[in-house]
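# Inside the fold
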Amino acid sequence: MDADRTPKLVGTVWGLLVLNTLGSTGAETVVPLPRSLIQMVTMGALVAAFSLALALNLRLRVHASAFLFLLTLLLVPSVIASADLQSGFGALFRCARLALFVGTLWLLSRWWDGGPTFVRHHIRMYFLVLCTVAAGVLVSPGAAMPDLYGGRLVGALWPLTPPQIGQYAAVIIGLAVLLVLGGRTDRRSAALVIVPSLVLLLLTHTRTATLGLLVGLTLAIGSLTLTSAAARRFFSWAVLCAAVAAVVFASALQEWFLRGQSEENFSNLTGRAKVWDALLAAPRTLGEKVFGMGLGDKSFDGLPIDNSWLAVYHEQGLIGVGLVAAVFVTLGGVALLRPPSLARACAIFLIGYCALASYTEAGLGDASPYLLHLAVAASLLAQPAAAAPLPVPDPPRRRVPRWARTSEVT
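Bear in mind that the values here come from a model prediction, so they are computed numbers and not experimental data.

### With respect to unusual backbone geometry
One non-glycine residue, Leu60, lies in positive phi territory at about 55°. Secondary-structure assignment places Leu60 in the loop between α2 (35–56) and α3 (66–82). Phi is positive for Lys298, which is not a glycine, with a value near 60°. Here Lys298 is to be found in the loop between α14 (286–291) and β1 (299–300). Among the residues examined, Lys298 registers a relative accessible area of 16% and is labelled buried.

Rendered as structure tokens:
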């Protein structure tokens, strides 16, 4: 048996990382869960993930990865800015969490070989999360779509916000579609994932996730059109159906997209622009501009920042912004240089989705689902390690009779 074959427990480690990034804030659940309990579960999941990954990779074999190297460098401004405790001891705790998270990814990188293994783990784990959301709808429809969130779908069993659910649904829909086009799964299995996930996405009314799905799939399928007839057919039918839907259901789509908001509220991105302006206008020292204020809860004056670039600037400074930009440049550049393939298309989808979502969602500078998405992209773009040459046995030595071993003639 090959020693480097991906163990089944790697999927368990990935599931624990997913659990860690679910967060501890959101809607009220059917059974009230104390935030301290949720934080204990999520942090315990990360410790368990690191311990299990270390047990699976005791020899500390890792795959050379510019993506993980950049994430490791991101710890430097995080620790420097958090050391003065302006954001409290919680900043150092978040630094330790990020270090443990990146360390677990380093340990798992041993099995990054450009195959779809981690794509399948990603789909399975987030589909399980969506199953809990669907179960919450069945148990308590009122709690799953409360008036507090304008009737949008939330997590009733585990506190999940509409943007979170929309993100998970959009990502696994896109990956499942690409696996079907690449012939890596059958249509029936894909439909069991795509159809319910699409329903949940629509119930969340999440514009960022919907646009990210459409843009990411357009980029990914476009990268396959030159080599895949199935991709060309799907792309043609998708464009035709989108054009018909835009004409026939124009008013319904506009109503769904606006979510009952006024034009002023929509133009301000539901109040996000005001927070962004205040954050950029706040006075900062040179050190705070370069290294940031330390890892926090991605908020400014008690309001969510909801922009990955501004959140990184606020917490990890200009150095952090440069490192996150380098992550996208590196992954995008490698993807563009690779020949067309299913792995390349899935990576392009994930990179495109995260890039678009970064405008209205935070998370690129800390342990988050977005870093997990990009980690899957990095695993797809990784080159498999060259197999060690098999030892060639020495040729059998010819046995020489004793009488022929001497040159003397008698």
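### Details of the side chain of Arg344
Within the secondary structure layout, Arg344 lies in helix α16 (residues 342–357). One buried charge, Arg344, has no salt-bridge partner; the nearest side chain with opposite charge is Asp113, at 17 Å. In contact with Arg344, not counting residues within four places along its chain, are Ser223, Ala335, Leu336, Arg338 and Pro339.

### Looking at empty space enclosed by the protein
Enumeration according to the criterion identifies 1 cavity of 30 Å³ or more in this entry. There is about 40 Å³ of room inside the largest cavity. In terms of lining residues, the largest cavity is bounded by Phe67, Leu71, Leu74, Val324, Val327, Leu364, Leu371 and Leu374. Among the elements of the structure, α3, α15 (308–337) and α17 (369–381) are those that each provide at least two residues to the lining of the largest cavity. For the lining of the largest cavity, the leading source of residues is α3, giving 3 residues. When its residues are assigned to classes, the lining of the largest cavity shows 8 nonpolar, no polar and no charged.

### A word on the nonpolar core
Judged by nonpolar contacts, the single largest core of 100 residues is most densely connected at Trp14, Phe67 and Leu108. Examining the composition of this core, we find that 13 residues originate from one element, helix α7 (residues 162–181), more than from any other. Setting aside anything within four residues of it in sequence, one finds Leu108 in contact with Val10, Val13, Trp14, Leu17, Ala53 and Phe118.

### Topic: the pattern of salt bridges
A full pass over the atoms with the stated rule returns 3 salt bridges. Its salt-bridge partner being Asp306, residue Arg272 comes within 3.5 Å of it at the nearest N-O pair. Of this pair, Arg272 sits in helix α13 (residues 272–281) while Asp306 is found in the loop between β2 (303–304) and α15, placing the two residues 34 residues apart along the sequence. Residue Arg272 is classed as buried on the basis of its relative accessible area, which comes to 17%. Between Glu315 and Lys298 there is a salt bridge, with the nearest N and O atoms lying 3.1 Å from each other.

### Points about the packing of α7 against helix α9 (residues 207–222)
Contact geometry for α7 and α9: axes closest at 9 Å, N-to-C directions at 20°. Between α7 and α9, the crossing angle belongs to the class labelled roughly parallel. Pair α7 / α9 crosses with right-handed handedness. Where α7 approaches α9, its residues Gly166, Gln167, Ala170, Ile173, Gly174, Val177, Leu178 and Leu181 are matched on the opposing element by Ala209, Leu213, Leu217, Ala220 and Ile221.

### Some words on α3
Here α3 is 17 residues long and its end C-alpha atoms lie 25 Å apart, about the 24 Å a rise of 1.5 Å per residue gives. Considering only its buried residues, α3 is in contact with α4 (89–108), α14, α15 and α17. Its side-chain oxygen 3.4 Å from the backbone nitrogen of Phe67, Ser65 forms the N-cap of α3.

### Some points on the environment of Ala49
Along the polypeptide, Ala49 turns up in helix α2. Look at Ala49 and you get buried, because its relative accessible area is 0%. Taking the C-alpha atoms as reference, Ala49 lies 8.4 Å from Gly15; in sequence the two are 34 residues apart. Residue contacts for Ala49: discarding those within four places in its chain leaves Val13, Leu16, Leu17 and Thr104.

Reading the values: the criteria
Residues numbered from 1 in each chain as written. Predicted model: local features only at pLDDT ≥ 70, side-chain atom pairs only at ≥ 80, totals over all residues. Heavy atoms only, no water. Helix = DSSP H or I, 4+ residues; strand = E, 2+ residues; numbered from the N terminus. Buried < 20%, exposed > 50% of the residue type's maximum accessible area, 1.4 Å probe, protein only. Lys, Arg positive; Asp, Glu negative; His and termini not counted. Salt bridge = Lys/Arg side-chain N within 4 Å of Asp/Glu carboxyl O. Contact = heavy atoms within 4.5 Å. 1 Å grid on protein atoms, 1.4 Å probe; cavity = no way out; pocket = protein on both sides within 12 Å on 5 of 7 lines; lining within 4 Å. Points joined across faces, edges and corners; volume = space filled by probe spheres on them. Nonpolar A, V, L, I, M, F, W, Y, C, P; charged D, E, K, R; others polar. Core = buried A, V, L, I, M, F, W, Y, C linked by side-chain atoms within 4.5 Å. Axes fitted to C-alpha atoms, helices over the stretch in contact; angles between N-to-C directions. Parallel < 35°, antiparallel > 145°, perpendicular 65-115°, else oblique. Left-handed = near helix turned anticlockwise from the far one by under 90°. Expected span 1.5 Å × (residues − 1). Polar contact = N/O pair within 3.5 Å; in protein donor to acceptor, adjacent residues only side chain to side chain.

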